[in-house]
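Residues per chain are reported as follows:
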Amino acid sequence: MAHSVQITFDCADPAGLSAFWAETLGYRLQDPPGGFASWEQALQAMGIPPERHNDASAVVDPEGVGPRLFFQKVPEGKQAKNRVHLDVRAAPGLEGDARMAALEAEAERLVALGATRFRRHEPDPPLGAGHIVMADPEGNEFCLD
């Protein structure tokens, strides 16, 4: 039996981090439950107090192919380097200078959205195509690959 995958982020600001990843991946905020025009309406109807409206958020692939990303508020901040991270495939099919130029352009776009750039790894054929290590606005590492 095959299983689907959801990727969960512990974070301080679920709404903010979900907006960053939606923009990064071309995802969209998950629709509210049926019968509600907005999440605010749904949360109010569920009796969730306003101070808890940013306890969780989720984004989904509009094509229904990629995994759902779920963001949940936790009280503690990030403590150490991620043991698992996302590789954002920003230059599929490109090699060499064209690949690195595409990654650089995407890195600039993401920095403008609040990401931090850490380091660039140059292509090292035959196995290393080159990538850029970054972090989202809450410090979760990811690679532009």
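Rules used throughout
Residues numbered from 1 in each chain as written. Predicted model: local features only at pLDDT ≥ 70, side-chain atom pairs only at ≥ 80, totals over all residues. Heavy atoms only, no water. Salt bridge = Lys/Arg side-chain N within 4 Å of Asp/Glu carboxyl O. Helix = DSSP H or I, 4+ residues; strand = E, 2+ residues; numbered from the N terminus. Pairing = 2+ DSSP bridges. Contact = heavy atoms within 4.5 Å. Axes fitted to C-alpha atoms, helices over the stretch in contact; angles between N-to-C directions. Buried < 20%, exposed > 50% of the residue type's maximum accessible area, 1.4 Å probe, protein only.

(A) Fine view of the pattern of salt bridges. In total, this model carries ten salt bridges according to the counting rule given. Of the charged contacts in the structure, one is a salt bridge between E141 and K78, with a shortest N-O distance of 3.2 Å. Here E141 is found in strand β8 (residues 141-144), whereas its partner K78 is found in the loop between β4 (68-73) and β5 (86-88), with 63 residues between them in sequence. Several salt bridges share partner residues, and in doing so they unite E104, R117, R120 and E122 into one network.

(B) Structural view of the sheet that holds strand β3 (residues 56-60). On the basis of which strands lie adjacent, the open sheet formed by four strands has the order β1-β4-β3-β2 and mixed pairing. With one partner strand each, in any of the chains shown, β1 (6-11) and β2 (28-29) form the two edges of the open sheet. Strands in contact with helix α1 (residues 14-25) are β1, β2, β3 and β4; relative to β4, the strand with the most contacts, it is inclined by about 160°.

(C) Structural detail: the environment of I7. Inspection of the secondary structure assignment puts I7 in strand β1. Exposure remark for I7: the relative accessible area of 23% places this residue in the partly exposed category. For the pair I7 and F20, spaced 13 residues apart in sequence, the C-alpha to C-alpha distance is 15 Å. Leave out the neighbours within four places in its chain, and I7 touches P67, R68, L69, F70 and L86.

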